[in-house]
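# Analysis of the macromolecular model
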Amino acid sequence: MKIHFGGDYNPEQWPESTWKEDYRLFDTASIDTVTLGVFTWGLTQPAEDVYDFTVLDAVVARAVAEGRTICLATGTGAHPAWMARAYPEVTRVDFEGRRHRFGQRHNSCPSSPAFRRFSVAVADQLAARYASAVTAWHVGNEYGGACYCTLCAAGFRAWLRDRYDSLDALNDAWYTRFWSHTFGDWDEIEPPNALTEHWRGPDHTAFQGITLDYLRFMSDAMLAGYRAEKDALRRHSPAPVTTNLMGMYKPIDYHRWAPHLDFVSWDNYPPDDTSQARMAFTHDLMRGLKGGTPFWLMEQTPSITASRQVNPLKRPGVMRLWSWQAVAHGADAVLFFQMRAGRGACEKYHGAVIGHSGRDDTRVFREVAALGAELSALGPATVGARTPARVAVLFDWDSWWTLEMTDGLNRHLRYQDIVLAYHRAVWESGADVDAVPVTASLDGYDVVLAPALHMLKDDLAARLSSFAARGGTVVTTFLSGLVDTHAQAFLGDPPLTALLGIRVSEWDSRDPSVSNPVALADGPVVDARLHFDLITPLSAVVVGVYGADFYAGTAAVTRNAFGDGEVWYVGAGLDAAGVSWVVRQALGRHDLVGPYADLPGVETAVRLGTDGTPLLFLLNHHDSAAEIIADRDGTDLLSGAPVTRGATIHLAAHDVMIIQSSPRH
Ligand code: GLA
Ligand code: ZN
């Protein structure tokens, strides 16, 4: 048992004569896992009544003969050309209402009966044929986007009928007395797109309820397609089924998908090379989809991407560092896109383990091979390990969608920015974090952060209250807990009022250039921007006050004693120093600030091996070496060097250690 190592391998794109060489190089790099067939539908089903598995048979047979672990895709991430011609319904209608023709990928309408029939059939064929060869199934590819066709409109209406007992209930939920929208017949309802409810682009909707439900429906419609293929696979094969997710991907609510994934896998393509905290959070979010069970890093580039305006190269050591970061946060597989560079089309310059030259003396190949050797040497130590986090960040797609589609809020406020700011403060403090849905049990945590949690669903208010009552610390912010599941404002005091011990009477929102200083009691004076709550404290104490404008001297940050716990409310868009100060207060109350909190660039993460052995990951994201005082006795699993508590550890630039504690720790 070891961490799977390898990635997307598309040998159907080049002559069979090179396959042998591919595997020779895979051996050199300790590559044990290949993801096959991700975009092979056009090849395996060249016509409606014709399956031709000649090439895929050879691809799979070779991987089997070479003893690799096979992750086999159903290939339905792009439909064949004949299908679009014979069944134009399989293509999508976009937000502007345009029916697309054949082309691109991720191009199928989720409500198309033809797509459903053919995708299930091909999955069935593949499973029957290759069940014995496959370790894991990869359905489709990066589900996403949306369709606004008439089939989707019909699907939407059916979904609504299922959810709402009556049109009256729907009209109530959507608040349709506004602007003469009362629906008298289900068939009057249309998908909210540029021709109907959105007048200034996707983030501007007249009715949040309609748009929210369409997002939920679309997420479910795509999920239905995934599930149908999964069922077909399951008829022939017990192997676990996944699809590659995209981390913080707005259009799909992965919490709705999670129960249907046998394990989570995701593709990590950070926007830039300063995204270490963001990647850490995204790994935590992906791990949180299935209650903390390990996930697969299904894709990352070994070097560059090809899809951006500029495509910076991963610096020497960074691919290794980010791979270990994934493991530190719960990955049991480290896979790449792509194993060998194709010769044509838009990904020919995308990074690959084996480049066009086919050489094994490139920097990228050598770094991959070195990592492969390291993973092999490590063996099973981290496989199946869990993360013992005492801190939870609540992440909620409904709140994300709602916050960014609602008029009247500052359009510069972005949900991800707010969540990431709070997460970064925890990350820099060296505390492990679970990023979990609002339905997760809060029992195991000391600190719960709910940044910009706009929508308050189900019994969350009650659960947060009992969490605080038993001694937990809650940190929440402006615009949290203000709307119900249909995005309607609460009448009277919102449900979190008693917990927060404050009332928000008004808010001011300003251009990003306007700041208002906030003085924190026994803390720094920090900057606040974008959003400013005007707060009336009830039972809470005032911790931070505004320094300017007509509300100078009034509360911007408060803390409420609630049972044995404490509840922080941050009413303004504090800068990083301000957020960090608040978060450190909350963590400090539970002694959760790590020993390396003040060493910028050094990330720590803990996993507990399946036998309970603590594994402390130290990751140096800096371009320069770090000196660290060991906080425990143990062994660095990567170098084999002993570690002694109190001794100085020298962690080179971009270097990694995994300290396995000795038994007496
Ligand atoms: C995605 C896809 C892959 C490939 C890579 C390139 O993650 O799943 O097929 O396009 O991006 O970065
Ligand atoms: Zn459609």
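Description of the structure in this document. (Residues numbered from 1 in each chain as written. Chains lettered and ligands numbered in written order. Predicted model: local features only at pLDDT ≥ 70, side-chain atom pairs only at ≥ 80, totals over all residues. Heavy atoms only, no water.)

## Considering the pattern of salt bridges
- Tallied over the entire structure, the rule returns 43 salt bridges.
- Across the pair D203 and R414 runs a salt bridge whose closest N-O atoms are separated by 3.3 Å. Of this pair, D203 sits in the loop between α7 (167-174) and α8 (208-234) while R414 sits in the loop between α13 (397-405) and α14 (415-429), and the two are 211 residues apart along the sequence.
- Judged by relative accessible area, which is 29%, R414 ranks as partly exposed.
- The salt bridge involving D398 is made with R216; its shortest N-O contact spans 3.1 Å. Taken together, the residues span a long stretch of sequence, with D398 in helix α13 and R216 in helix α8 at a distance of 182 residues. (Salt bridge = Lys/Arg side-chain N within 4 Å of Asp/Glu carboxyl O. Helix = DSSP H or I, 4+ residues; strand = E, 2+ residues; numbered from the N terminus. Buried < 20%, exposed > 50% of the residue type's maximum accessible area, 1.4 Å probe, protein only.)

## Some points on the environment of V64
- The topology assignment puts V64 in helix α3 (residues 54-65).
- Distance from V64 to T613, taken between C-alpha atoms, is 34 Å for residues 549 residues apart in sequence.
- Dropping the residues within four chain positions of it, V64 is found in contact with I70 and A133. (Contact = heavy atoms within 4.5 Å.)

## Side note on the sheet that holds strand β21 (residues 602-608)
- Read across the sheet, five strands follow the order β21-β22-β27-β24-β25 without closing on themselves; strand pairing throughout is antiparallel. Edge positions in the open sheet fall to β21 and β25 (642-643), since each of these has one partner strand only.
- Pairing between β21 and strand β22 (residues 614-620): seven bridges, direction antiparallel. Across the sheet, the residue bridging to A605 is F617, located in β22. (Pairing = 2+ DSSP bridges.)

## Looking at the site of ligand 1
- Every residue lining ligand 1 is accounted for by F39, R105, N141, E142, N244, D267, Y269, E299, F337, E347 and H350.
- At 2.3 Å, a side-chain N or O of E347 approaches an oxygen atom of ligand 1.
- When the free accessible area of ligand 1 is taken as 300 Å², the share hidden by the protein chains comes to 94%.
- Judged by the fraction of its atoms near the pocket grid, ligand 1 is located in the largest pocket.
- Split into classes, the residues belonging to the shell around ligand 1 amount to three nonpolar, three polar and five charged. (Near = heavy atom within 4 Å. Polar contact = N/O pair within 3.5 Å; in protein donor to acceptor, adjacent residues only side chain to side chain. Areas by Shrake-Rupley, 256 points an atom, 1.4 Å probe, with all protein chains shown as cover. 1 Å grid on protein atoms, 1.4 Å probe; cavity = no way out; pocket = protein on both sides within 12 Å on 5 of 7 lines; lining within 4 Å. Sits in = over half its atoms within 2 Å of the grid points. Nonpolar A, V, L, I, M, F, W, Y, C, P; charged D, E, K, R; others polar.)

## Side note on the sheet that holds strand β6 (residues 244-245)
- Strand order in the open sheet formed by nine strands is β5-β4-β3-β2-β1-β9-β8-β7-β6, with parallel pairing between adjacent strands. What marks the edges here is a single partner per strand, and that holds for β5 (241-242) and β6.

## Looking at the coordination of the zinc ion (ligand 2)
- In this structure, C109 (SG), C147 (SG), C149 (SG) and C152 (SG) serve as the protein donors to the zinc ion (ligand 2), at separations of 2.2 to 2.3 Å.
- We note that the donor set of the zinc ion (ligand 2) lies within a single chain, spaced as C-x37-C-x1-C-x2-C. Here the residue C109 occupies a position in the loop between α4 (81-86) and α5 (113-130), and C147 occupies one in the loop between β4 (136-138) and α6 (150-163), the gap between them amounting to 38 residues.
- The class of C147 is buried, set by a relative accessible area of 0%. (Donors = N, O, S within 2.8 Å, 3.2 Å for Na, K, Ca; no water.)

## Regarding the pairing of strand β16 (residues 525-537)
- Across seven bridges, strand β14 (residues 502-509) lies against β16 in antiparallel orientation. When the sheet's bridge partners are listed, V504 is paired in β16 with I535.
- Linkage of strand β15 (residues 515-520) to β16, two consecutive antiparallel strands, is achieved through a turn of four residues, within which D522 is found at a positive phi near 55°.
- Note that β16 and strand β20 (residues 572-574) share three bridges and pair antiparallel. Looking at β20, one finds that R529 is bridged to G573.

## With respect to the nonpolar core
- Among the nonpolar cores identified, the biggest contains 197 residues, and W174, W324, V557 and L574 are the most heavily contacted of them.
- When residues of this core are assigned to their parent elements, the largest contribution, twelve residues, is made by α8.
- Ignoring any residue separated from it by four or fewer positions in sequence, one finds L574 in contact with V518, V526, D527, A528, V557, V579 and V582.
- One finds V606, L618, A630 and M657 within the second-largest nonpolar core, a separate group that totals 13 residues. (Core = buried A, V, L, I, M, F, W, Y, C linked by side-chain atoms within 4.5 Å.)

## Structural notes on the environment of E627
- Relative to the elements of secondary structure, E627 occurs in strand β23 (residues 626-629).
- Accessibility expressed as a relative area gives 47% for E627, which makes it partly exposed.
- Each C-alpha atom of the pair E627 and T402 lies 45 Å from the other, and the pair is 225 residues apart in sequence.
- Not counting chain neighbours up to four residues away, the residues in contact with E627 comprise L599, T648, I649 and H650.
- Engagement of the side chain of E627 in a polar contact is seen with the side chain of H650, the distance being 2.8 Å.

## Brief notes about the layout of surface pockets
- Computed from the structure, the largest pocket encloses a volume of approximately 1200 Å³.
- Contributions of two or more residues to the lining of the largest pocket are made by α2 (41-44), β7 (265-267) and α10 (276-288).
- Among the residues forming the lining of the largest pocket, the class breakdown is 18 nonpolar, 17 polar and ten charged.
- Taken as a whole, the second largest pocket encloses approximately 460 Å³ of empty space.
- If you trace the second largest pocket, you find 22 residues lining it, with Q208, T406, A487, Q488 and A489 closest to the centre.
- Elements represented by at least two residues in the lining of the second largest pocket include exactly α7 and α8.
- The residue inventory of the lining of the second largest pocket, partitioned by class, reads 14 nonpolar, seven polar and one charged.
- Counting contributing residues per domain, the lining of the second largest pocket is built from domain 2 (150-213) and domain 3 (391-588), each supplying no fewer than three. (Points joined across faces, edges and corners; volume = space filled by probe spheres on them. Domains from an automatic or database assignment.)

Read these as spatial facts, not as claims about activity.
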